[in-house]
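# Structure assessment
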Amino acid sequence: MQSSVHSGSSGPFDVLVVGGGIIGLVTAWRAAQRGLRTALCDPSPGGGAAQVAAGMLAAVTELHYGEETLLGLNLASAERYPHFAAELSEAAGGVDIGYRPCGTLAVALDADDRLHLRELHALQRRCGLQSQWLTGRECRRLEPMLAPGVRGGLRVDGDHQADPRRLAAALLAACERAGVAVHRSRAERLTVAADRATGAVLEDGTALRADQVVLAAGSLSGRLPGLPPGVVPPVRPVKGQVLRLTVPPAYRPFLSRTVRAVVRGSHVYLVPRENGELVLGATSEELGWDTTVTAGGVYELLRDAHELVPGITELPLTETRAGLRPGSPDNAPLLGPTELPGLHLATGHYRNGVLLTPLTGEVLAEVLTTGELPEIARPFSPRRFSAAREESLV
Ligand code: GLY
């Protein structure tokens, strides 16, 4: 069901989700599945960062020191993917989200990269994760298109991929089929009455009233007018430029799994889809809301990817695009109730939005129906930042 866009008052709903990226959509879908009357607003639902992201489900290869708690959340979400993909596809009337259990190979191109990968391998082992050290020759046996100079690598058979564009389309279809009232308009401001979030007024003039509001507007989440100062989420945009190439049928399979490396300190990855699309990412730039694709960004990505897989320069370059990751101070998401009664957050997923989509939907649906944040999500309560703010004031 798709609501008609008109001015006036609409609701009351049990839940209003502000933001129709993959996180907002999964939240609305899961809430509607639990029987909650749910509305969602976004000028372009299904758009946002998911239109740019590569869709790596890289809990193990993107592990970082100090992020072991986040690792638990990432692994729990990765584990849900096969079932989530099947359930969503059915709920969306057969839209396939491109979940591909293909694994990942992270390689080293020089002695520094090799050291970095060895350290990552040691950390993975300390965390009890599955990954296998391969020599350069073993890497090339697995992926013959790799450069002859590859010095070694880590084979991670548990880090897979999904296609974020198809994921967004499937979630939107599932929302509409589950009866979510989708308003194609931007939230102009949050409404608050008697110290409680009560809904939002949209740019088209509609006032949506709801018992509970979920703010899931990605990197824009901190910019919604009407948010009381104490609950403004500390998210910021982190720009990523991403290229898409096409592997002609005669060249397939060009790569059989995700291949990645750190080249001169920058992450470069190549994600091959079954339909021949090859996603090449990504820059990481702190430039505010700028989404310009720059010559420098494209040059660096192609230069680094060419060192990794020289044959990519033969492929048609079909798309260049930049998106904004919703970065948070500790690189982890903000999930659940805020200090403002009735207002929840589902934002700040940074590099893990696609990976964390299944678990975010589940966690938010649970908190919206029971009022309780599930155990696994408690370390990611937005209140961890309110507490930090208060401590810094004493
Ligand atoms: N997780 C990949 C990226 O954010 O570029």
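All of the points below concern the structure found in this document. Being a predicted model, the structure only gives us computed values, none of them experimental. Residues take numbers from 1 onward in each chain, read along the sequence in its written order. The predicted origin of the model limits local features to residues at a pLDDT of at least 70 and limits the giving and counting of side-chain atom pairs to 80 or more, whereas totals for whole chains, interfaces and linings rest on all residues. Side-chain measures here rest on the full set of heavy atoms in the structure, leaving out hydrogens and waters.

## Brief notes about the environment of Leu302
The condition is simple: Secondary structure follows DSSP: runs of H or I at least 4 residues long count as helices, runs of E at least 2 residues long count as strands, and numbering of each begins at the N terminus.
When you line up the elements, Leu302 lands in helix 6 (residues 295–308). Sequence-wise, Leu302 and Gly218 are 84 residues apart; in three dimensions their C-alpha atoms are separated by 28 Å.

## Digging into the site of the ligand
Short version of the rule: Proximity criterion: a residue is near a molecule or strand once any of its heavy atoms comes within 4 Å of it. Here a polar contact is taken to be a pair of N or O atoms separated by no more than 3.5 Å, where protein atoms must pair a possible hydrogen donor with a possible acceptor and residues adjacent in sequence count only if both atoms sit in side chains. The Shrake-Rupley method, run with a 1.4 Å probe, gives the accessible areas here. Residue values count only the displayed protein chains as cover. In the scheme used here, Gly and all other residues not listed as nonpolar or charged are polar, with Ala, Val, Leu, Ile, Met, Phe, Trp, Tyr, Cys and Pro taken as nonpolar and Asp, Glu, Lys and Arg as charged.
Surveying the vicinity of the ligand reveals the residues Met56, Glu62, Tyr269, Ala282, Arg325 and Arg351. Here Arg325 contributes a side-chain N or O atom positioned 2.7 Å from an oxygen atom of the ligand. Against a free-state accessible area of 200 Å², the protein chains account for coverage of 87% of the ligand. A class-by-class count of the residues in the shell around the ligand yields three nonpolar, no polar and three charged.

## Quick word on helix 3 (residues 111–126)
Just so we agree on the cut-off: A helix is expected to span 1.5 Å for every residue after the first. The buried label applies to any residue whose accessible area, calculated with a 1.4 Å probe on protein chains only, is under 20% of its type's maximum; exposed applies above 50%, and partly exposed to all values in between. This arc is built from the directions going out from the helix axis to the C-beta atoms. The contact definition used throughout considers only heavy atoms, calling two residues in contact when any of these lie within 4.5 Å.
With 16 residues, helix 3 extends 23 Å from end C-alpha to end C-alpha; this agrees with the ideal 22 Å at 1.5 Å per step. Here helix 3 has its buried residues at Asp113, Leu117, Leu120, His121, Leu123 and Gln124. Axial view of helix 3: buried residues confined to an arc of 165°, hence all on one face. Facing away from the buried surface of helix 3 by more than 90 degrees, the exposed residues are Asp112, Leu115, Arg125 and Arg126. Looking at the packing, one finds that the buried side of helix 3 touches helix 2 (68–91), strand 4 (104–108), strand 5 (132–134), strand 6 (152–156) and strand 13 (258–263). Sitting at the head of helix 3, Asp110 places a side-chain oxygen 3.0 Å from the backbone nitrogen of Asp112. Two residues or fewer after helix 3 comes Gly128, characterised by a positive phi angle close to 75°.

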